[in-house]
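Coordinate analysis (summary)
One letter stands for each residue in the lines below.
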Amino acid sequence: MFKVLLCATALAFATAAHAETFTLNAAPDTVAWGNYDAGAKPVLHIKSGDTVVFRTLLTNSPKGLAKAGVADADIEQALKDVFDKVPLSARGPGGHILNGPVYIDGAEPGDTLEIRIDKIELAIPYAYNAFRYGAGLMTDEFPYARMKIIPLDRKKMVAHFAPGIDIPLHPFFGSMGVAPPPDFGKYDSAPPTIIGGNMDNKELVAGTTLYLPVFNKGALFEIGDGHAGQGNGEVDITAMETSLIGTLTFIVHHDMHIKYPRAETPKFYIAMGFDDDLSIATHKAVREMIDFLVRDKGMTRDDAYMLTSVAGDVDITEIVDHNKGVHVMMPKNIFSK
């Protein structure tokens, strides 16, 4: 057993020693606009153990930002370039501007892709929140559109929402996912599903780890939809939308097989579920937590179900992206090993 551990440790050190760091800026030839697609051509090839620094763009247009009061000099040139040079035929069906896809060598269908979220930085000093008629939870009471520019204080890490209202910043990426099974076709970036995608899970900040099932050779990872912060539910359909710089490390696991996205923070294990029906999404998330406890903690299925009821928290991730999101938070400190 000790020899096995030594070999595994040596292999980990060897992988780290040969790991590289890449940078992928959002540009007309490096973004996937509004979709995850098994047939998409990769814009970057990396190996397991490598790190990528992604500079992403918020999901809004230069015209929309200008109309809301952002000065032209404060609108990123990269955003202008993407809107000017990405043809309409290459956009959609969703609206998110995503960096990628990134091809991870060695990733095969059935594997699990581990994504370590090493660092997340604000790229610009503002965010926006907006609602529009026909989207969000309260469309009957807000049958019009409004957008608000929210200044971000990068030194104090707060958002100045309004006079007397400052919100602590917890930046995270709303969308991180892999390409779906080929029969999904060009999958809309809005509804989260088995690939991850637009999960809008505010727990996925720097220092956390996301695990995604792989459905295609190379996994084909994409990322975007930066948020400076968000409330669970994301009820008006947007968070504090902004551009982010994320540093992520990718590790391929051939001996780990999951069916649904899951995550891990320093304090919690997280299981997720997505469906148009909130009740079904909750069933999926709870079932995924039970399966995790049985597989990784050696519990009986009965005990895992009961532990989820007495110690797990079931939260609504988001309720507005066609597929609703639910996540179950299980505290790590209840386990002795």
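The structure we're discussing is the one just above.
Residues numbered from 1 in each chain as written. Predicted model: local features only at pLDDT ≥ 70, side-chain atom pairs only at ≥ 80, totals over all residues. Heavy atoms only, no water.

Our focus in this paragraph is the overall build of the protein. For the protein, the helix and strand inventory stands at five helices and 21 strands. In terms of overall dimensions, the protein is globule-like: its C-alpha atoms have a radius of gyration of 20 Å, near the 20 Å expected for 337 residues. C-alpha atoms of the protein, sized along the principal axes, occupy 65 × 45 × 45 Å. Each of the 337 residues in the protein was classed as buried or not, and the buried ones make up 52%. Across the protein, the fraction of contacts at a sequence separation of at least 24, relative to all contacts at a separation of at least 6, is 75%. For the protein, the exposed area adds up to about 15,800 Å²; of that, 57% sits on carbon and sulfur atoms. (Helix = DSSP H or I, 4+ residues; strand = E, 2+ residues; numbered from the N terminus. Rg over C-alpha atoms; globule rule 2.2 N^0.38 Å. Buried < 20%, exposed > 50% of the residue type's maximum accessible area, 1.4 Å probe, protein only. Contact = heavy atoms within 4.5 Å. Areas by Shrake-Rupley, 256 points an atom, 1.4 Å probe, with all protein chains shown as cover.)

Here nine strands make up an open sheet; going across it, the order is 1-5-17-7-15-18-19-21-20 and the pairing mixed. Single-partner strands in this sheet number two, and they are strand 1 (21-25) and strand 20 (313-318). Going from strand to strand, the sheet's axes swing by 25° on average, the running direction of each strand aside. The pairing of strand 7 (residues 112-122) with strand 17 (residues 244-253) spans 10 bridges and is classified as antiparallel. (Pairing = 2+ DSSP bridges. Axes fitted to C-alpha atoms, helices over the stretch in contact; angles between N-to-C directions.)

On the surface, Leu137, Met138, Phe142, Tyr144 and Val235 cluster together to form a nonpolar patch covering roughly 440 Å² of accessible area. Tracing the backbone shows Val235 in the loop between strand 16 (221-227) and strand 17. (Patch = residues over 30% accessible without salt bridge, like charges linked within 9 Å, V, L, I, M, F, W, Y side chains within 5 Å. Salt bridge = Lys/Arg side-chain N within 4 Å of Asp/Glu carboxyl O.)

Inspection of every chain in the model, using the stated rule, returns 11 aromatic pairs. Aromatic pair Phe221 and Phe250: ring centres 4.9 Å apart, planes at 70°, arrangement edge-to-face. Taken together, the positions of Phe221 in strand 16 and Phe250 in strand 17 put the pair 29 residues apart, joining distant regions of the chain. Pair check on accessibility: Phe221 and Phe250 agree, each one buried. Summarising the aromatic geometry, the rings of Tyr269 and Phe335 are spaced 6.1 Å apart at their centres and angled 70° between planes, so their arrangement reads as edge-to-face. (Phe/Tyr/Trp six-rings, centres within 6.5 Å; stacked < 30°, edge-to-face > 60°.)

This part covers the pairing of strand 4 (residues 44-47). Of the two faces of strand 4, only the one carrying Leu44 and Ile46 is buried; His45 and Lys47 on the other face are not. With four bridges connecting them, strand 4 and strand 6 (residues 97-105) associate as parallel partners. Counterpart to Leu44 in the pairing with strand 6 is Val102.

Relative to the helices and strands, Thr23 is located in strand 1. What makes Thr23 exposed here is its relative accessible area of 53%.

Looking now at the side chain of Asn216. Along the chain, Asn216 turns up in the loop between strand 15 (209-213) and strand 16. A relative accessible area of 9% means that Asn216 is categorised as buried. Polar side-chain contacts of Asn216 include one of 3.1 Å to the backbone oxygen of Ala179. Here Pro180 takes part through its backbone oxygen, which lies 2.7 Å from a polar atom of the side chain of Asn216. (Polar contact = N/O pair within 3.5 Å; in protein donor to acceptor, adjacent residues only side chain to side chain.)

Bringing empty space enclosed by the protein into the picture now. Overall, the coordinates contain one cavity of 30 Å³ or more when judged by the stated rule. Of the volumes computed, that of the largest cavity is approximately 30 Å³. If you trace the largest cavity, you find it lined by Arg262, Ala263, Tyr269, Ile270, Ala271, Glu288, Met289 and Phe292. Contributing elements (two or more residues each) for the lining of the largest cavity: strand 18 (262-264), strand 19 (268-275) and helix 4 (278-297). For the lining of the largest cavity, the residue count by class is six nonpolar, no polar and two charged. (1 Å grid on protein atoms, 1.4 Å probe; cavity = no way out; pocket = protein on both sides within 12 Å on 5 of 7 lines; lining within 4 Å. Points joined across faces, edges and corners; volume = space filled by probe spheres on them. Nonpolar A, V, L, I, M, F, W, Y, C, P; charged D, E, K, R; others polar.)

Take the layout of surface pockets next. Taken as a whole, the largest pocket holds about 670 Å³ of empty space. Forming the boundary of the largest pocket are 31 residues, of which Thr59, Tyr128, Arg132, Ile237 and Thr238 lie nearest the centre. Per element, the largest residue contribution to the lining of the largest pocket is three residues, and it comes from strand 8 (residues 126-131). Class assignment of the residues belonging to the lining of the largest pocket gives a composition of 13 nonpolar, 10 polar and eight charged. Space inside the second largest pocket adds up to approximately 400 Å³. At the level of secondary structure, the elements contributing two or more residues to the lining of the second largest pocket comprise strand 8 and strand 11 (165-168). When grouped by side-chain class, the residues that make up the lining of the second largest pocket number 12 nonpolar, nine polar and three charged.

Right, let's get into the packing of helix 4 against helix 5 (residues 301-311). Each pair of packed helices gets described by two things: the angle between the helix axes and the distance between those axes. Axis separation between helix 4 and helix 5 bottoms out at 9 Å; the angle between their running directions is 125°. As summarised for this structure, helix 4 and helix 5 are arranged oblique, according to the angle between their axes. Crossing angle aside, the handedness with which helix 4 passes helix 5 is right-handed. Side by side, helix 4 and helix 5 meet where Val286, Arg287, Met289, Ile290, Asp291, Leu293 and Val294 of the first sit next to Arg301, Ala304, Tyr305, Leu307 and Thr308 of the second. (Parallel < 35°, antiparallel > 145°, perpendicular 65-115°, else oblique. Left-handed = near helix turned anticlockwise from the far one by under 90°.)

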